[in-house]
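Survey of secondary and tertiary structure
One letter stands for each residue in the lines below.
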Amino acid sequence: IPQSQSEVKSVLADGMDEQSATSYFRGFVEEMVAEFVLMSKLKGHSNIVSYEDHRVVEHTEGIGWDILIRMELLTPLLDHVSKNPLSRSDVIKLGIDICKALEVCRKNNIIHRDIKPENIFYSDIGDFKLGDFGIAKTVEKTTGGLSKKGTYTYMAPEVYKGEAYGASVDIYSLGIVLYRFMNNNRTPFLPSYPTPIKYADRESAMNRRMDGETIPAPANADEALSRVILKACAYKPEERYRSAADMRHDLEALLGE
């Protein structure tokens, strides 16, 4: 931080002196360190990526810091899936594991806000783990006019629209993740596989989802699994699972079958 000296020049061009610019960027550093404190609170849970420690190194010349973070070594989910396509039971296990992670978040008053495949990892003993709490916020910080950070593809409609929201936005995003893996790697309203996807298709799919159009069942899910997935990503928050624990119980019942 900053990512380049051009960022420093831009801030200085806005009328800041060097001392003010240093304070400005130090604020980002302090925000990052606060996120590490958040992650250290979650350490020891088998379905959350384990944070070990971090170091902040201030540059000796100019304005800048390097932030180094050490975490457990895992395989990104998409890398794992590229070599090991997920079966129905794998997708259910993925859902159960991330629900467990969300239960821990709930106990610590945390909304992750960026549940997506890129933030899920796979361990060598077969556990799925939730990582990247970079934009996670405590509930106290997410009661008002609210950021649209996160990834639109998996984002709950109320976040996208800038409305007040609660922990069910993470359940929604998890529902879309599970949908994708039971729908030939495609999120709702995209053309059916193997039709090529155009940019306009992505725009249209997102608009239809944000407008509340009923999401069709995923192509490769049976009725019972479809019911769980579609309940998780219901348009209205009150129609979703009340908690990650409730969703986990339904998924565990399917795994039992």
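Whatever comes next refers back to the structure up there.
Okay, so let's go over this structure. (Residues numbered from 1 in each chain as written. Predicted model: local features only at pLDDT ≥ 70, side-chain atom pairs only at ≥ 80, totals over all residues. Heavy atoms only, no water.)

In this model, the largest pocket occupies a volume close to 270 Å³. Along the walls of the largest pocket sit 21 residues, with Arg-106, Ala-167, Ser-168, Ile-171 and Arg-242 positioned nearest its centre. Where the lining of the largest pocket is concerned, the elements lending two or more residues are α4 (88-107), β4 (110-111), α6 (168-181) and α9 (244-256). With four residues, the top contributor of residues to the lining of the largest pocket is α4. The class makeup of the residues in the lining of the largest pocket is 12 nonpolar, three polar and six charged. (1 Å grid on protein atoms, 1.4 Å probe; cavity = no way out; pocket = protein on both sides within 12 Å on 5 of 7 lines; lining within 4 Å. Points joined across faces, edges and corners; volume = space filled by probe spheres on them. Helix = DSSP H or I, 4+ residues; strand = E, 2+ residues; numbered from the N terminus. Nonpolar A, V, L, I, M, F, W, Y, C, P; charged D, E, K, R; others polar.)

Grouped together as the largest cluster of nonpolar side chains are 57 residues, with contacts concentrated most on Leu-94, Ile-98, Leu-174, Phe-181, Leu-225, Met-247 and Leu-251. Only α2 (18-41), α3 (77-83), α4, β4, β6 (128-130), α6, α8 (223-232) and α9 provide two or more residues apiece to this core. Element by element, the count of residues in this core is highest for α4, at 10 residues. Ignoring anything within four residues of it in the chain, the contact list for Leu-251 reads Ile-92, Gly-95, Ile-96, Cys-99, Leu-225 and Val-228. In this structure, Val-11, Val-29, Ile-63 and Trp-65 belong to the second largest nonpolar core, which totals seven residues. (Core = buried A, V, L, I, M, F, W, Y, C linked by side-chain atoms within 4.5 Å. Buried < 20%, exposed > 50% of the residue type's maximum accessible area, 1.4 Å probe, protein only. Contact = heavy atoms within 4.5 Å.)

For the rest of this paragraph, the subject is the side chain of Asp-170. Note that Asp-170 resides in helix α6. Comment: no salt bridge for buried Asp-170; closest opposite-charge side chain is Arg-113, at 7.2 Å. In this view, Asp-170 contacts Leu-102, Ile-111, His-112, Arg-113, Asp-114 and Ile-115; residues no more than four positions away in its chain are not counted. (Lys, Arg positive; Asp, Glu negative; His and termini not counted. Salt bridge = Lys/Arg side-chain N within 4 Å of Asp/Glu carboxyl O.)

Where α6 meets α8, the axes come as close as 7 Å, and the angle between the chain directions of the two elements is 140°. Classified by the interaxial angle, the pair formed by α6 and α8 is oblique. As α6 packs across α8, the resulting crossing turns out to be left-handed. Facing Ile-171, Tyr-172, Gly-175, Leu-178 and Tyr-179 of α6, the residues of α8 in contact are Ile-229, Leu-230 and Ala-232. (Axes fitted to C-alpha atoms, helices over the stretch in contact; angles between N-to-C directions. Parallel < 35°, antiparallel > 145°, perpendicular 65-115°, else oblique. Left-handed = near helix turned anticlockwise from the far one by under 90°.)

Our focus in this paragraph is the environment of Val-177. Relative to the helices and strands, Val-177 resides in helix α6. Each C-alpha atom, one on Val-177 and one on Cys-233, is 9.7 Å from the other, the two residues being 56 residues apart in sequence. With near-sequence residues (within four places) excluded, Val-177 lies in contact with Leu-94, Ile-115, Lys-116, Pro-117, Ile-120 and Tyr-154.

Take it as geometry only, folks, not as evidence of what the structure does.
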